[in-house]
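If you want the building blocks of each chain, they are given just below.
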Amino acid sequence: MMFGANAGVRDEVGFLLVHQRYADHLFPGTSVLHTRLRYALLIPWLYQSLRAKRPVPKDFAQAFVDLEHGLTGRLQFKDGAGEPDGVIGGDVYPRAISQPPAYVYWTALAKWGLIGTRPDGRPWSRPDMARLLAAGSKKSLLDDDEKPLETVAWPITGMIEAPVEWNGTGKLTLELSECERAFLARKLRAVRSPTDPRESSLLSKLVGRPLTDVQHCWNDEILALAGNEAARLKRAGQAAAVSAIGRAIYAALVETLKEERDKRPQERLHREDLAEIVGQWGARAAALDFAQFLEDVGHLPAPVEAALRETLAWIRSKAKDPLPLLGVYEKAEYSRKGNRARLANNQFGVDRRMEWQADKHGCAEPLHYRWGNVKRLLRDLEGVA
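Here the structure is a predicted model, which is why all the values come from computation and not from measurement. (Residues numbered from 1 in each chain as written. Predicted model: local features only at pLDDT ≥ 70, side-chain atom pairs only at ≥ 80, totals over all residues. Heavy atoms only, no water.)

**A look at the overall build of the protein**
Which entries qualify depends on this criterion: Every helix listed is a DSSP run of H or I at least four residues long, and every strand listed is a run of E at least two residues long, numbered separately from the N terminus. When a residue's accessible area, from a 1.4 Å probe over protein chains only, is under 20% of the maximum for its type it is buried; when over 50% it is exposed; and in between it is partly exposed. Contacts are assigned to residue pairs that have any heavy atoms within 4.5 Å of one another. Accessible areas in this description were obtained via Shrake-Rupley with a 1.4 Å probe; residue shielding takes into account the shown protein chains only. The positive count covers Lys and Arg only, the negative count covers Asp and Glu only, and His and the chain ends enter neither. To locate a charge, take atom NZ for lysine, CZ for arginine, CG for aspartate or CD for glutamate.
Looking only at helices and strands, one finds 15 helices and zero strands in the protein. Each of the three principal axes of the protein carries a C-alpha extent, and together these read 70 × 50 × 45 Å. Every one of the 385 residues in the protein was classed for burial, and the buried ones make up 49%. Intrachain contacts of the protein at a sequence separation of at least 6 include 71% that bridge at least 24 residues. When the accessible surface of the protein is split by element, carbon and sulfur atoms take 51% of a total near 18,800 Å². In the protein, 55 side chains carry a positive charge and 50 a negative one; their mean positions are 3 Å apart.

Written as structure tokens, this is what we have:
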């Protein structure tokens, strides 16, 4: 998955929906765009700075963007100083980026309690914050519901103070100080399950733990820590296995159609990979309780649900040939991609298959549920009391 909402993501059949539903539940607030945990402090500090200095910009949103851009420059690795890894926009600075840090971390700041909620319980938006900053100006400003903003409490409270170097112009780091680690550990340990506020989220249970060597979030080490989330987490792992096989089936089908229907000789790269993926993930996938899985992830588009259901039945039947799944995969892909679908039995499908190169289509892998990003974030809290 590349930097950028869905840039580079292959999700022809709809497995990414499963990824998002489980990931949002298990690791609230996280994103595949997250890099380092200190951004959860840096962004609120930017707002605090803007509020404290009270400049007179006509546009507080632009004023924040300017501060945020300056932060990227202070973090960027250059001339032997700065952060060599994890700086959002560091590779392109001083050019602007479309998804700056506040955009990337905004949901996390709300989910993790670093920015409070509106009086009506909804999260503050970034435009809301700009209007709040401007609320002390001459004219009474209103929120999206036409209610005055100057009477609303500032939503960033209880923050740890920024270090002395924050107010300078020199390089900054993404490493957390000990007091920052303790502060963020308290915040993340307080993150509750999205479906049951009485329960701690899995994310909160992993704070302070050594996770570097854990390959998947459903491995035994994490299941042992998951408590009441263990059954759901186990199903997430089984669904990830089903999706790995489904992705291999899709590639094998495209390869087959290009060879047999379009008369373009192909190597058997993905057809052979399918056998390996089934061998690796078949047993785990076959154990999935589909009814409980649907309770976990909620409503899915009918073509996507059908593709998942038929894939599971195919796995349990121990079939070898994926062609009987062509119809259900074709419908699922067409429902998502329309005339960009490769499995379609029309000229658009032929054209898309001509563009497809088997060796450029990566081998199938299970859904990761952002585990790599979660580990990277929590690495900065490893060992914290």
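From this point, the narrative continues.
**Some details on the packing of helix 9 (residues 230-260) against helix 10 (residues 269-286)**
Formally: Between N-to-C directions, angles span 0 to 180 degrees; the directions come from axes that are lines fitted to C-alpha atoms, helices contributing only their stretch in contact. Note on angle classes: values under 35 degrees are labelled roughly parallel, values over 145 roughly antiparallel, values of 65 to 115 roughly perpendicular, and the remainder oblique. Should the near helix be turned anticlockwise from the far one by less than a right angle, the crossing is left-handed, and should it be turned clockwise, the crossing is right-handed. Following the grouping adopted for this structure description, the nonpolar residues are Ala, Val, Leu, Ile, Met, Phe, Trp, Tyr, Cys and Pro, the charged ones are Asp, Glu, Lys and Arg, and the polar ones are all others, Gly among them.
Remark: helix 9 packs on helix 10, axes separated minimally by 9 Å, with the N-to-C direction vectors making an angle of 160°. Here helix 9 lies roughly antiparallel to helix 10, going by the angle between them. The two elements helix 9 and helix 10 cross, and the hand of that crossing is left-handed. Its residues assigned to classes, the contact of helix 9 with helix 10 comprises 14 nonpolar, five polar and five charged.

**Considering the pattern of salt bridges**
As a reminder of what qualifies: Salt bridges are counted wherever a side-chain nitrogen of Lys or Arg sits within 4 Å of a carboxyl oxygen of Asp or Glu.
Under the defined criterion, the tally for this structure stands at 23 salt bridges. With its nearest N and O atoms 2.9 Å apart, the salt bridge here joins Asp380 to Arg36. Highlighted residues: Asp380 in the segment after helix 15 (371-379) and Arg36 in the loop between helix 1 (15-26) and helix 2 (39-53), separated in sequence by 344 residues. Its relative accessible area of 4% is what places Arg36 among the buried residues. The partner of Arg198 in a salt bridge is Asp196, and the shortest N-O contact between them spans 2.9 Å.

**As for the nonpolar core**
Inclusion rule: Buried Ala, Val, Leu, Ile, Met, Phe, Trp, Tyr and Cys residues form a nonpolar core when they are joined through side-chain atoms within 4.5 Å.
Core analysis: the largest hydrophobic core is formed by 112 residues, its most contacted members being Phe27, Trp112, Phe293, Tyr329 and Tyr369. Looking at which element gives the most residues to this core, the answer is helix 9, with 16 residues. Sequence-distant contacts of Phe293, that is, excluding residues within four places in its chain, are made with Val18, Tyr22, Arg235, Ala239, Leu288, Leu300 and Leu308.

**Some thoughts on helix 11 (residues 290-297)**
Using the following cut-off: Arc definition: directions from the helix axis to the C-beta atoms. In protein, a polar contact requires one atom able to donate a hydrogen and another able to accept it; more generally it is a pair of N or O atoms within 3.5 Å, and residues adjacent in sequence count only if both atoms are side-chain atoms.
Those residues of helix 11 that fall on the buried side of the exposure criterion are Phe290, Phe293, Asp296 and Val297. One face of helix 11 carries all of its buried residues, which in axial projection span an arc of 110°. On the buried face of helix 11, the contacting elements are helix 1, helix 9 and helix 12 (302-317). The N-cap residue of helix 11 is Asp289: its side-chain oxygen and the backbone nitrogen of Ala291 are 3.1 Å apart. Backbone geometry just downstream of helix 11 places Gly298 in the positive-phi region, at approximately 75°.

**Side note on the side chain of Arg36**
A polar contact is formed between the side chain of Arg36 and the side chain of Asp380, at a distance of 2.9 Å. If we skip the residues at most four places from it in the chain, Arg36 touches Glu83, Asp85, Gly86, Tyr105, Leu174, Glu175, Arg376, Leu377, Arg379 and Asp380.

**Some remarks on the environment of Arg261**
Positionally, Arg261 belongs in the loop between helix 9 and helix 10. Not counting residues up to four positions away in its chain, the partners in contact with Arg261 are Thr256, Leu326, Leu343, Ala344, Asn345 and Arg353. Within the structure, Arg261 has its side chain in polar contact with the side chain of Asn345 (distance 3.4 Å).

**Observations regarding unusual backbone geometry**
Of note, the bond from Tyr93 into Pro94 is cis; its omega dihedral lies within 30 degrees of zero at 15°. If you trace the backbone, Pro94 turns up in the loop between helix 3 (60-75) and helix 4 (101-111). The phi dihedral of Lys318 is positive, around 60°, even though this residue is not glycine. Turning to its location among the elements, Lys318 is positioned in the loop between helix 12 and helix 13 (326-337). Judged by its relative accessible area of 67%, Lys318 falls in the exposed class. Of note, the phi angle at Arg370 is positive, near 65°, even though the residue is not glycine. Considering the arrangement of structural elements, one finds Arg370 in the loop between helix 14 (347-355) and helix 15.

**Structural notes on empty space enclosed by the protein**
Counted only if it meets this: Only protein atoms enter the 1 Å grid, on which a cavity is a set of points fitting a 1.4 Å probe that cannot get out and a pocket is an open set with protein on both sides within 12 Å along at least 5 of 7 lines, lining residues being those with an atom within 4 Å of a point. Grid points are joined across faces, edges and corners, and a volume is the space filled by probe spheres set on the points.
The tally for this structure, following the rule as stated, stands at one cavity of 30 Å³ or more. Taken as a whole, the largest cavity encloses approximately 40 Å³ of empty space. As for the largest cavity, its lining consists of Val18, Ala239, Val242, Ser243, Leu288, Phe290, Phe293, Leu308 and Leu312. Residue contributions to the lining of the largest cavity peak at three residues, all from helix 9. Classifying every residue of the lining of the largest cavity by side-chain character gives eight nonpolar, one polar and no charged.

**Describing the packing of aromatic side chains**
Cut-off, in case you're wondering: Working definition: rings of Phe, Tyr and Trp (its six-membered ring) pair if their centres are within 6.5 Å, and the pair is stacked with planes under 30 degrees apart, edge-to-face with planes over 60 apart, and tilted otherwise.
Inspection of the entire model under this criterion finds ten aromatic pairs. Each ring, one from Trp218 and one from Trp281, has its centre 6.4 Å from the other, and the planes form 75°; the classification is edge-to-face. Of the two residues, Trp218 is situated in the loop between helix 7 (202-205) and helix 8 (220-223) and Trp281 in helix 10; the sequence distance between them amounts to 63 residues. According to the relative accessible area criterion, Trp218 is buried, its value standing at 2%.

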